[in-house]
Amino acid sequence: FLPKWQSGLPEGRKSSNHCATMTTPGQRPFSAYLRLWAIANLLRISIGLNAGTGLVGSTLDANFFSLATLPALVALAGLVPARWSGALPLIALVARAATNAAKGSMMSNSQMWATQMDAALVLSLLRRLGSAARHGSSWSSPLSAEDERAVVGGCARTVRWQLAIFYFASGFWKANTSFLHPSYSCAGLFMVQPLEYLPDDVLFAASGLAASAVPALARAIAATGPAFTLVLEAVVPVLHFLEPRRFPRCALFGLVLTLAFHLVIGLTPPPSNVSTYGVTTCTRLFFVFPDAAAAAVGEMGRPHTAAGALLCAGMAAAAAATLALVEPYHAVAISTVQGEGKDWHAGWYAALAVLLTRAAVLEAAGGGEAACGSEGGLPAEKEKSREVEGRTREGPALRWLVALALLYAFALPVAGLQEKAGCLMFSQLRLHGGSNHLLLPTSLLQRELASAEPTNAFAGGVVRVEATDLEWVGNTFAEHMGPRTLRLIREVAAVPAEYVWAAKSSSAKRSRPPPRFRRHTLSALGLRRLLATAARQKDSFSLRYTRLHGAVGDEAWRTGSAGSEYVVRGEGGATRCARLGLGGKESPCDAREEALIAPPSWPSSAFAFLLEPQPNPIVDGYTDEMHCVTWG
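Reading guide: rules and limits
Residues numbered from 1 in each chain as written. Predicted model: local features only at pLDDT ≥ 70, side-chain atom pairs only at ≥ 80, totals over all residues. Heavy atoms only, no water. Helix = DSSP H or I, 4+ residues; strand = E, 2+ residues; numbered from the N terminus. Buried < 20%, exposed > 50% of the residue type's maximum accessible area, 1.4 Å probe, protein only. Areas by Shrake-Rupley, 256 points an atom, 1.4 Å probe, with all protein chains shown as cover. Pairing = 2+ DSSP bridges. Contact = heavy atoms within 4.5 Å. Axes fitted to C-alpha atoms, helices over the stretch in contact; angles between N-to-C directions. Core = buried A, V, L, I, M, F, W, Y, C linked by side-chain atoms within 4.5 Å. Expected span 1.5 Å × (residues − 1). Bend = angle between axes of the 7 residues up to and from the residue. 1 Å grid on protein atoms, 1.4 Å probe; cavity = no way out; pocket = protein on both sides within 12 Å on 5 of 7 lines; lining within 4 Å. Points joined across faces, edges and corners; volume = space filled by probe spheres on them. Phe/Tyr/Trp six-rings, centres within 6.5 Å; stacked < 30°, edge-to-face > 60°. Disulfide = S-S within 2.5 Å.

1. Section: the overall build of the protein chain
Part 1: Across its full length, the protein chain holds 24 helices and nine strands.
Part 2: Split into buried and exposed, the 632 residues of the protein chain put 57% on the buried side.
Part 3: Put simply, the protein chain shows about 24400 Å² of open surface, and 64% of that area lies on carbon and sulfur atoms.

2. Examining unusual backbone geometry
Part 1: Look at the link from proline 270 to proline 271: it is a cis peptide, with omega at 10 degrees.
Part 2: Mapped onto the fold, proline 271 is located in the loop between helix H12 (248–267) and helix H13 (275–282).
Part 3: With an omega of -10 degrees, the peptide bond running from arginine 512 to proline 513 counts as cis.
Part 4: Summarising the element assignment, proline 513 is placed in the loop between strand E2 (499–500) and strand E3 (520–523).
Part 5: A positive phi angle is found at alanine 421, which is not glycine, with a value near 70 degrees.
Part 6: For alanine 421, the position within the fold is in the loop between helix H18 (399–415) and helix H19 (444–448).
Part 7: For glutamine 428, which is not glycine, the phi dihedral falls at a positive 60 degrees.
Part 8: Assignment of secondary structure puts glutamine 428 in the loop between H18 and H19.

3. Focus: the sheet that holds strand E4 (residues 541–548)
Part 1: On the basis of which strands lie adjacent, the open sheet formed by seven strands has the order E7-E6-E5-E4-E1-E3-E8 and antiparallel pairing. The strands lining the two open edges of the sheet, one partner per strand, are strand E7 (586–588) and strand E8 (616–617).
Part 2: One ladder, built from five bridges, connects strand E1 (residues 462–468) with E4; its direction is antiparallel. Bridge pairing links valine 463 to arginine 547 in E4.
Part 3: Strands in contact with helix H21 (residues 524–536) are E1, E3, E4 and strand E5 (563–571); relative to E3, the strand with the most contacts, it is inclined by about 100 degrees.

4. Things to note about the pairing of E5
Along any regular strand, the residues point their side chains to alternate faces of the sheet.
Part 1: As judged from the eight bridges shared by E4 and E5, these two strands associate in the antiparallel manner. What sits directly across from leucine 543, in E5, is valine 568.
Part 2: Relative to strand E6 (residues 574–580), E5 is paired through six bridges, and the arrangement is antiparallel. Bridged to tyrosine 566 within E6 is arginine 579.
Part 3: Between E5 and E6, which pair antiparallel and follow one another directly, the connecting turn spans two residues, one of which, glycine 572, has a positive phi of 60 degrees.

5. Here's the deal with the nonpolar core
Part 1: If you look at the biggest cluster of nonpolar residues, it comprises 127 residues, and the most contacted ones within it are Trp113, Trp348 and Leu355.
Part 2: In this structure, Leu470, Val473, Leu527 and Val568 belong to the second largest nonpolar core, which totals 18 residues.

6. Re helix H11 (residues 209–241)
In an α-helix, one full turn covers 3.6 residues, which means residues spaced three or four apart are oriented alike.
Part 1: Here H11 contains 33 residues, and its C-alpha end-to-end distance of 45 Å stays within 8% of the 48 Å for a straight helix at 1.5 Å per residue.
Part 2: Along its length, H11 reaches its greatest deviation from straightness, about 50 degrees, at glycine 225, and the proline proline 226 lies no more than four positions downstream.

7. Some details on empty space enclosed by the protein
Part 1: Counted under the stated rule, the structure contains ten cavities of 30 Å³ or more.
Part 2: Surrounding the second largest cavity, 13 residues form its lining, Asn41, Arg96, Ala114, Thr280 and Arg284 being those nearest its centre.
Part 3: Listing elements by their share of the lining of the second largest cavity, those giving two or more residues are helix H3 (29–46), helix H6 (87–101) and helix H7 (109–134).
Part 4: Looking at which element gives the most residues to the lining of the second largest cavity, the answer is H7, with five residues.

8. Regarding the packing of aromatic side chains
Part 1: Inspection of every chain in the model, using the stated rule, returns 18 aromatic pairs.
Part 2: Between tyrosine 33 and phenylalanine 287, the aromatic rings sit 4.7 Å apart at their centres with planes inclined by 55 degrees, giving tilted as the arrangement. With a gap of 254 residues between them, tyrosine 33 in helix H3 and phenylalanine 287 in the loop between H13 and helix H14 (290–300) connect regions that are remote in the sequence.
Part 3: Overall, tyrosine 33 belongs to the buried group, its relative accessible area being 1%.

9. Structural notes on the state of the cysteines
Part 1: Taken as a whole and assessed by the stated rule, the structure comprises two disulfides.
Part 2: Here cysteine 186 is linked by a disulfide to cysteine 628, with a sulfur-sulfur distance of 2.0 Å. Disulfide cysteine 186-cysteine 628: the torsion about the S-S bond is 110 degrees, which places it as right-handed. Linking cysteine 186 in helix H9 (residues 186–191) with cysteine 628 in strand E9 (residues 628–629), this pair joins segments that are 442 residues apart in sequence.
Part 3: The disulfide that involves cysteine 577 links it to cysteine 589, with 1.8 Å between the sulfurs. Judged by the sign of its S-S torsion, about -65 degrees, the bond between cysteine 577 and cysteine 589 is left-handed. Within this pair, whereas cysteine 577 is found in strand E6, its partner cysteine 589 is found in the loop between E7 and helix H23 (591–597), the two being separated by twelve residues in sequence.
Part 4: The exposure class of cysteine 577 is buried, given its relative accessible area of 8%.

So far we have only geometry, and geometry alone does not tell us how the molecule works.
Here's what the structure looks like:
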């Protein structure tokens, strides 16, 4: 990449005036962004090769196209982004979106976010190419610097608004009784984990100041974590939604706050080290200050200059320090996000954070006098002075993509059309059997259609899986936290909640971590898909479940209420269903129940394309609220 990265700023252009440097006609923000995009996607594709990841949204990348063709397309798009009117990036962006979309309901939330934001770039590029064609330009001509600025300016506001919507929805859905309960909240579990960096004689001290101070600190973090998370995830999207040119200080603060937020997540000891999420989302922070970010990428491509050498050294040092810091914890972890080996996502994220921080410094040095929250923004004369040749000018948002983001983030969970890959990570939102959200209902289709024709994908209400000898069902509820982490959470922080990494569920045999069955509830569609998987694999099994009466209830109803009890047995791909009566006496299931456990009709299945029902565990003795289940 290095020879071409000098296109960020022309070699030899010298100026003591930052504004002049930032507005040079040679600025190529599209090329700069595509290189960062290529690195992020090559990293993400690579973990699909790592059997230890267990994340279905990543392992689905391990197919012939993704391994043989997609990496080459992505790499070429990063190497020569401006050639042939941007044709290679266009093909690579569309191909990557197609591979994500092909995952359907198993796509991860960050991949869903990325696909929507990439769509904005694709449409902006197509619009520019169409304009060039109407003016007689040849497709074989390279993109000019002006073209590149027009492409980035045409989608920058849309990408920022999409990101703001996704972040806001992620916080909004956490406003529920389970996440806000300090004994059950994911925030209480995760926010105390950085204390693992303390040595054992301090963390688990039996006497002295540490013996009282550390537990007090851990319990204070666990108690305030839910509220802190909601405030943070409300502030960050507002800062991204504001116009950077009018509110530059707000934009700078939003960028730095977002980088710090994801850095803490990436440094958190396993299994909560979601650095993949940070790399995917923070690459799009490029669109906050595209000219400054392009200038920073240009510096990175000129390591022979003083500024370039300093930036490259800072990025390398940050990556090396991060990998060294997390290595001891990853080496003994039961499970990590990226699977076995080094967390290259964490290393690259640290380097990316340095790069984007440099962009923020360049932007700040170029002016921007408006205080955060001021109404007037830049004075008119300063604003006019910045509208100079070579500066990326932000166009209007693509309204239908913004509307799509709103539909995805808010309407789909309410309707019951998406659970996995929504803006619901670590939210503890109840997605079947009634909502625990403070404001909105969830899964309305499952409620309204509980008694519909049994072939409907949304019929059947809620089922509780009571027992099964299908060993792989226990993969969903395996314990991914190590003994030291559990000791910190249970003894020091006094948080009883259980962490269920359901996103690592698998129907394959797995010994690390070993499967652990938990009684759990599912929407009827979830049971149908579980049984279909067992039949497809020709598993021999027995599974006992209760179909609960009604479609909505509280946690006592979900975890312990009576219902109609059944047992399903499978052998060689065929299944038999029996209803359990008094004393365990069995009788054949009626036609409706047989239809309710069979695959649903294709029209309703099409509506459920993005719906992968989340299993909610039942932990004896702790049934007041939902436990910390991550399904993203």
